[in-house]
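Summary of the model geometry
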Amino acid sequence: METLQKEATGAVDKILANYNSDNPGTRANLYRLLTSGRLAGTGKLVVLPVDQGFEHGPARSFAVNPAGYNPSYHAQLAIDAGCNAYAAPLGFIRAIAHDYAGRIPLILKVNNHDSLVSERDPIPAQTSSVDDALELGCAAIGFTIYPGSTEWRAMYEQLRELSEEARAAGLAVVVWSYPRGTNISKDGETGMDIVAYAAQIAAQMGAHIIKVKLPSDHLEQDAAKKVYQSTGVNISTLSDRVKHVVQSAFDGKRIVIFSGGGKKGDEAVFDEARAIRDGGGFGSIIGRNSFQRPHDEAVKFLHTIMDIYGGKKD
Amino acid sequence: METLQKEATGAVDKILANYNSDNPGTRANLYRLLTSGRLAGTGKLVVLPVDQGFEHGPARSFAVNPAGYNPSYHAQLAIDAGCNAYAAPLGFIRAIAHDYAGRIPLILKVNNHDSLVSERDPIPAQTSSVDDALELGCAAIGFTIYPGSTEWRAMYEQLRELSEEARAAGLAVVVWSYPRGTNISKDGETGMDIVAYAAQIAAQMGAHIIKVKLPSDHLEQDAAKKVYQSTGVNISTLSDRVKHVVQSAFDGKRIVIFSGGGKKGDEAVFDEARAIRDGGGFGSIIGRNSFQRPHDEAVKFLHTIMDIYGGKKD
Amino acid sequence: METLQKEATGAVDKILANYNSDNPGTRANLYRLLTSGRLAGTGKLVVLPVDQGFEHGPARSFAVNPAGYNPSYHAQLAIDAGCNAYAAPLGFIRAIAHDYAGRIPLILKVNNHDSLVSERDPIPAQTSSVDDALELGCAAIGFTIYPGSTEWRAMYEQLRELSEEARAAGLAVVVWSYPRGTNISKDGETGMDIVAYAAQIAAQMGAHIIKVKLPSDHLEQDAAKKVYQSTGVNISTLSDRVKHVVQSAFDGKRIVIFSGGGKKGDEAVFDEARAIRDGGGFGSIIGRNSFQRPHDEAVKFLHTIMDIYGGKKD
Amino acid sequence: METLQKEATGAVDKILANYNSDNPGTRANLYRLLTSGRLAGTGKLVVLPVDQGFEHGPARSFAVNPAGYNPSYHAQLAIDAGCNAYAAPLGFIRAIAHDYAGRIPLILKVNNHDSLVSERDPIPAQTSSVDDALELGCAAIGFTIYPGSTEWRAMYEQLRELSEEARAAGLAVVVWSYPRGTNISKDGETGMDIVAYAAQIAAQMGAHIIKVKLPSDHLEQDAAKKVYQSTGVNISTLSDRVKHVVQSAFDGKRIVIFSGGGKKGDEAVFDEARAIRDGGGFGSIIGRNSFQRPHDEAVKFLHTIMDIYGGKKD
Amino acid sequence: METLQKEATGAVDKILANYNSDNPGTRANLYRLLTSGRLAGTGKLVVLPVDQGFEHGPARSFAVNPAGYNPSYHAQLAIDAGCNAYAAPLGFIRAIAHDYAGRIPLILKVNNHDSLVSERDPIPAQTSSVDDALELGCAAIGFTIYPGSTEWRAMYEQLRELSEEARAAGLAVVVWSYPRGTNISKDGETGMDIVAYAAQIAAQMGAHIIKVKLPSDHLEQDAAKKVYQSTGVNISTLSDRVKHVVQSAFDGKRIVIFSGGGKKGDEAVFDEARAIRDGGGFGSIIGRNSFQRPHDEAVKFLHTIMDIYGGKKD
C-alpha cells in the first residue's frame, strides 16, 4: 500500500488530498485521470472532447477531416496524442467502448444540446446516464450547466441528482460551466466576474473537475465590478485571470481546466496554454483544434501543448 | 458456436461487429432482424411499418384497400413479401402477436401522434412500453423524435429512458428521426444538412437502427452551408446524398434505412431503392406504397425492391 | 375444461379469440362482461354508467328521480334490468362494492371531469386507480380520452400507464373516446371521420372495449373527406356509419359500444339500438335515459333495448 | 366481539354500515371519531380545527386570545370542550402529539395555503404526509380541494394519491370542499347548487367525512338552476338546504359537517347548528368562533352547540 | 444515563422538551447544536453561515478577505470563535468534512440561488440532499423558503419532502424563511406582520430551527394591520418585535434565530444581539459580518456577541 502510494507522484497526491471526503471509488477514478497519458503524474490534464457532432452537426464537425466521422478515430487520436481522457456523448462512446476498454479513461457526456433549435436561454437534454457510464467502463460523467439561463434551476437540479448517483458509484463528475442566457451579455459570457462565478458554482455543486472558458478582463455585473475595483483584484493578464478563476474554485482545491473554443492559430493556443500553466490552471480541454486537422498534425499539436504543461518528452 | 457463427453471412457479421458494446440479447435481436425474410444475410433490410391508422386516421390509411382495416392483413403481407420486420403501434401488434408469435420480427412503435391536433412543434405521445414489447415477443422498439421542434428535449429524454430500458432487456432500438418545427423550413425537413444531422443525433443517442427521409440537395443552415461548400461535400445525386447520410451515422457503423413517404409511381420508388443501394444505405421502410395496393401487387412490388437490394429470388 | 368451453356460446368464443394476446385474467373478465345479464352469451352488451353526479352535478343528475342520489339504487337497477355491467366513479363504487360483491361486473371509471370548470381543451382528473379497482372487485377500468384536445398527449400517456397496469392485473380496459377541443368543430365531435378515428385511436392504444358516440354523416377533416369521397365509403344511414366505425376498430376485432347521450324519446333510442345492431355494433351504454326515469319504467325500457340486441325474454 | 359491537350505539353502527367497503383500520378510526368526546355515540361530531395560523397568519388568528399562540392550548381546549377531534397542520400537531398521545383523535391537515400570495385560482401546498399522520398517531388526514379553480385537476389527483395511501394505512380521509376560482362568483361559493356539487365531488373522490360551507339559496349555474326549478327541490330554509347537501352526499351515506366561517354572534352559530341538526347534517367544525374567545367561554359555547346536537350533559 | 442527563444544563433540557415528538436521532442532533461552542448549554446559538460564494459570487464574498476563498478557513473560523455550528452548501462542506469530522456541528444548506439570474419571484435550486448530509456527518439540513413568491408552493413541497426524509434520518431541519416576491413590498420583507408570519409558516411546516430577518415596525397587510392595532400588539422596540416573532413561533416552543444581513457597524450588530436576547430570541446567524474581516478580528467580534448572549468567557 505504502509502496503504491509512493509510486504516485507528489503532484497527484497533493491534488487527491483535496478530495479526501470522496469515496475510494471516485478517488481511484480521479487518480486514473491524473496518471494517464503523457501528463501522467504532473497534476496537469489535456482532455480530448468530441461532442461537436451532436452540438453543431456532423458536416460542420467532421467534413474538414472526414476521418472524424468514424468514432474510433477519436479514441485512437486521444491515445496516440497521450491525452488524459476522451470525452463524448453516448453514441460515440458506445461505438468504441468494447474495443478500447481500459486503454484510456472515458468521460461520458451525459447531456447535450443540438443546433437545430435556437434557444436564448438554453438547457441541454439528458442523453445518457450514470448506469450507461458504468456499463461502458467510464471514469467520469460530464455535464453542462448554463448559469444565467432562465432554465438554471432545472439544470442544477439534474446535475445534483446525477452527481449524487455518480459519486455513489465511484465515478468522478466533470462540469462544463458556461454562463449564457438573457441575463448575460455576449461579452459577459467570458467576463472575468462571470467565469469566476461559474467556477465557484460548479465547485459548490460538488464538481470534481471544472471546465470553464478563458476569461477576458470584462466585468459584467455592477455589484461585482465595484468589489473587483475596491479590493484591487489583479485581472490584467490572462495568467492573472486564470489565477483568479483557480482561486474562485476553492483556492485551488478543485481541478479547473480551460476550453479552447473554435479553431484558431496554433501559436494563440500555445500562448493560452502558457497562461493557464502560469496562472496555476490544471490544463486544457481541446476539441476542434485537435480533430479538425490531420491525425499526425494533431498529435504533434497536442504534444506541444503537453510539453508546455511539463509532459514527458518522447 | 463457431459453426453457428459461420452460418451467418459475412455481411451480417460485419454489421454486428459495429454493435460489439451491446449485450448478447440486443445483438441476437439485431441478428434476427438481419437474417429474416428475403434479404436474410445480405445486410440489407426492407421493413413494413403500419402506424398510419393512428397517425392519419383509418379511412385515409385503409379505405383504398379495405383489407388493411384488419390487423392480421399486415403481418401476413410482411411475411408473404419476405420483409425483415413488421412495425406497428400497440393495438395492431397486440392484435396479431399471439397468432404470429415467432414468425416475423416485430418492432413495437412506442410513440405516436394523431392528426386530430395540429402542432407546429410536435411531440408524440408515448403509447406503449418496453414491457409491452417484451410481453409481445418483439425484437425492437421504435421511437420517433422530431429534432428542431421546441419540444426536442422532452422527446430526447423520453428516448433516452426507453432506450436504456430496451437495451437492458436485450431489445434493439429503432429511431425515426424526422426534423420538424418552427426552427426548420418545409424544404429544410429533407435538406441535406438537416437529414445528415438527424442521423447523427439518432446515432449519438444510441439508436441501433436509424430511419430518416431521403434528402434533397437543399442546405438549410447557413453555418452548415458554408462548410458543405468550403469542404466540397458531394451531394449532387441521390446516391451521393445517401452516402453522406450513412457517413454521418458513424461512417457506416450504424444501420440507416430510408422511408418511402407518400404513395408515388413504382419506378420512382425503385429508383430510390437503387440510389439507397448505390449510396451504401441499408434499406427501406415502406408503408403506404405497400399496404395501399392489393396484396399480390404489394408482394410483387416489394419483391422488386428486395431484388434491387440483392435479395433471394423465388 | 372442454365442457366449460362448450358452455360459452359461439358468439362469445368468437369475440374472445380476438383478444388471444391477452392474459387469462383479462380474458376471464371479458368473459364475465359478455356472459352476465340478459344479453349473456349473445356477444352484445348493455352497460349502465352513472358518472353524471360527478360530471354534471347531483341535482342535474338525480333530482328528477331522487332515488338516484342513493348509490345502491344504480347497482340494483343494473341487476334488475339485466345489464352486463355497471360503471361509476370511485365513490359510487365504494359505496356498493361490499354489498354487491360478485353480483354484477363493475367498471371503475378512473378519471372524471366536473362542470365547475369550463375548459375548451379538456382533460379529466384521475380520480381512482387500478389498485382501487382490484380492491373493489371490479372487472375493468374505464378511462375517458378527448382526442383533438390540446391536452391529448397527457391523456394518452395516462391511459397507457393505467392500461399496462390494468392488463398486468388481469383487468379489462374500457375507453370512452370523445373527440373535443379547439381543433374540432361542434359538428365534428360526432362527424363520421372523427368518430371512426376516435375508435381507431382507442384500439391502437390497446383498449379492450371502446365507447364512442353515434356518428353523423358530417365529414370534418379535408384530407379525410377527399378519401371518403374518392373511395366511396358508404356512410348514408346510421347503420352504415356504425358499420364503418366497427370496421375502423380493427375490422370488428374490438368491442365497440355506443353511448346514448342526453335524455330523448324512447323510440329514438330504440331506433338507434336497431342501427347499432344492423351495423354490427356490440351494444349500448345508457345512463341518463335509464336512471332519470322511475325504476320499473327504466327496467322495461332497458329490456326493450336488450330485446332488440337479441337478449333472453323473461 | 359481539359484546363490543353492542357497546357501540345504534347511531354509530348505522353510520359505519355505510363504510362497509372500507378496511377494519379505517373503520376503527371512524369509530374513534364517532365515539370520542361529549357527542360520543350520537352519530354527531363537533371538530376543533386550528389551521388559521398558517392560513391567515399568527396575529390575525391568535392576538385576540394570545393563549392560542401556544399549540398545547388548542389540544387542551378540544379535550376540555369534549370535541370529537382536533385538526391542525403538521407543526401544531407535532408540537402536541407526544403529550396528548391517545387523548383525542387527531386529524392532520396535509395541505395548506397562506395569505402572503393572493391567487384567483388557488391550490394549496402539500405540507405533510400520510406517513407523518401515522407517525403522530392521527386518526385521519384532512385535505382541502377548491372545485372550480383552474388548478382543480392537480388538487383532485393529489387527493386521490393521498387518499389511497391513507385508506391502505387504515386512516380516514376528511375533505374540505370549498368551490372557488375564476369560474365561480363570490355568491356562488356558497350557492346551493355549488355546495351540493362540492359535497358530491368529495363523496365521489372517496372522502369519508366531508366538510362544506353552509349554503345560501343562491343558484349559480344556469343548467342547474333550471333543474332545481323544474323538479322543485326545496331549498327555502337553511335546514332544507342542509338536507339537500346531505342528500347530495350519497343520500346521507357520507358524513357531512359544516364549517362555521368567521367570528359571529353566538345565537347565529346556535341557529346554524339547529338547522344542521334539523336538516340531518352530522355536525360542525368550529375554529375561530372557539379559540378566539377565552378558554372557559369557548368551552361553554361549544357545550351549547353539542347540546343542540344531543350531546351528554355534564 | 441519568448522569448524562444531568450534565445537560437546564436551558437545553427545557428547549429539548419542546421537541418531544421527535425521534432520539433528531433530538440528539439538536442537543449537539445546543451544547457546542462557547454558548454550549446556555440555550443560545451563534451560527456561522457561508453560502455567499454561491449566492453573490466569489469576489463579492471573499475578495475583501481572500483567506475566505479557501473552504477550510470558515470551518476553522467557526471553531476558533466557538460557534454552535457552521452552515454551507455542498461544495464547501465536502471540502472540509473529512478533515473537520466531528469537530463542529455542520448544517448542509441544501438549496441555493445564484445572482446570475434575477427573478422577481425567486425559488432556489436544490443543490444537495439528505443523503449528502448523512454521508458528510452533518447535524442538520438548511433550506430557504421565500413565502410570498408566486413559486411558494414548489418550495414548501420540496421542504416538506426533504424535512420528512431528514427527520426520519435523525437530522434537524433549519429553515431560512425570507418573504419576498411580487406580493410583498420591499419594506414588507422585514415588516413586523410578515416576519411573524414567516416564522409561523416555518414552524407549521415542522422546522426545528427558524431563521428570520430582524423585523421593522412596518405593517404590510391591511387585514393584519387592523388586528395589530385593535389588539394592541406591542411592536415599538426591536426587542418587543423579537418577542412577538418568538411568540409567533409557537409561543417560544421553536428555536428562532435572526440573521445579521449585510456588513454594518459593530455596535449596530451588538445592539441587535442585545435586542434579540432581551426579546427572548435564541441567537444569531452571522455571515458577512464575520468572514469579511480578518480572522482575529472576527473571533473577537463573535466573542463579543456570544458574551451578550451569556457565553463562557475565556
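It should be noted that the structure appears before, not after, this text.
Let me begin by describing the structure that accompanies this report.

Definitions and cut-offs
Residues numbered from 1 in each chain as written. Chains lettered and ligands numbered in written order. Predicted model: local features only at pLDDT ≥ 70, side-chain atom pairs only at ≥ 80, totals over all residues. Heavy atoms only, no water. Contact = heavy atoms within 4.5 Å. Buried area = accessible area lost by both parts, 1.4 Å probe. Salt bridge = Lys/Arg side-chain N within 4 Å of Asp/Glu carboxyl O. Polar contact = N/O pair within 3.5 Å; in protein donor to acceptor, adjacent residues only side chain to side chain. Helix = DSSP H or I, 4+ residues; strand = E, 2+ residues; numbered from the N terminus. Nonpolar A, V, L, I, M, F, W, Y, C, P; charged D, E, K, R; others polar. Least-squares fit on C-alpha atoms with pLDDT ≥ 70 in both. Buried < 20%, exposed > 50% of the residue type's maximum accessible area, 1.4 Å probe, protein only. Lys, Arg positive; Asp, Glu negative; His and termini not counted.

With 38 residues of chain C in contact, the opposing surface of chain B contributes 45 residues. Taking both sides of the interface into account, the surface hidden between chain C and chain B amounts to around 3400 Å²; carbon and sulfur atoms contribute 57%. The largest share of the area that chain C buries against chain B comes from Trp 152, Tyr 197 and Gln 204 of chain C, three residues that together contribute 20% of it. At the boundary of chain C and chain B, one finds three salt bridges. Asp 22 of chain C is paired through a salt bridge with Arg 94 of chain B; the nearest N and O atoms lie 3.0 Å apart. Where chain C meets chain B, there are 23 residue pairs in polar contact (both at pLDDT 80 or more). Those elements that provide at least two residues to the side of chain C that touches chain B are helix H9 (152-168), helix H10 (192-204), helix H11 (222-231) and helix H12 (238-248) of chain C. Its residues placed into classes, the side of chain C that touches chain B shows 16 nonpolar, 13 polar and nine charged.

When chain C is fitted to chain B, the residual RMSD is 0.0 Å, and the transformation amounts to a turn of 72 degrees plus an axial shift of 0.0 Å. Given the turn and translation reported, the copies of this chain are related as if by a five-fold rotation axis. The position closest to the rotation axis in chain C is occupied by the C-alpha of Ala 154 of chain C, lying 11 Å away.

The subject of this paragraph is the pattern of salt bridges. Any two side chains of opposite charge can pair if their charged atoms end up close together. Summed over all chains, the structure comprises 54 salt bridges over all chains. Three or more residues are tied together by salt bridges with common partners; here these are Asp 22 of chain A together with Arg 94 and Glu 135 of chain E.

Residue and element names in this part refer to chain E. Its location among the elements puts Asp 240 in helix H12 (residues 238-248). Buried and unpaired, Asp 240 has Lys 243 as its nearest opposite-charge partner, separated by 5.8 Å. With near-sequence residues (within four places) excluded, Asp 240 lies in contact with Asn 234 and Ile 235.

Every contact between the two is made by 45 residues of chain A and, on the other side, 37 residues of chain B. Buried area between chain A and chain B, summed over both chains or domains, comes out near 3400 Å², and the portion from carbon and sulfur atoms is 57%. Area buried by chain A at its contact with chain B is led by Tyr 69, Arg 94 and Leu 116 of chain A, which between them contribute 22% of it. Across the contact surface, chain A and chain B share three salt bridges. Ionic pairing is found between Asp 132 of chain A and Arg 167 of chain B, a salt bridge with its closest N-O pair at 3.0 Å. Counting across the interface, chain A meets chain B through 23 residue pairs in polar contact (both at pLDDT 80 or more). Here the side of chain A that touches chain B takes six residues from helix H7 (residues 90-97) of chain A, the largest share from any one element. For the side of chain A that touches chain B, a count of residues per class yields 20 nonpolar, 16 polar and nine charged.

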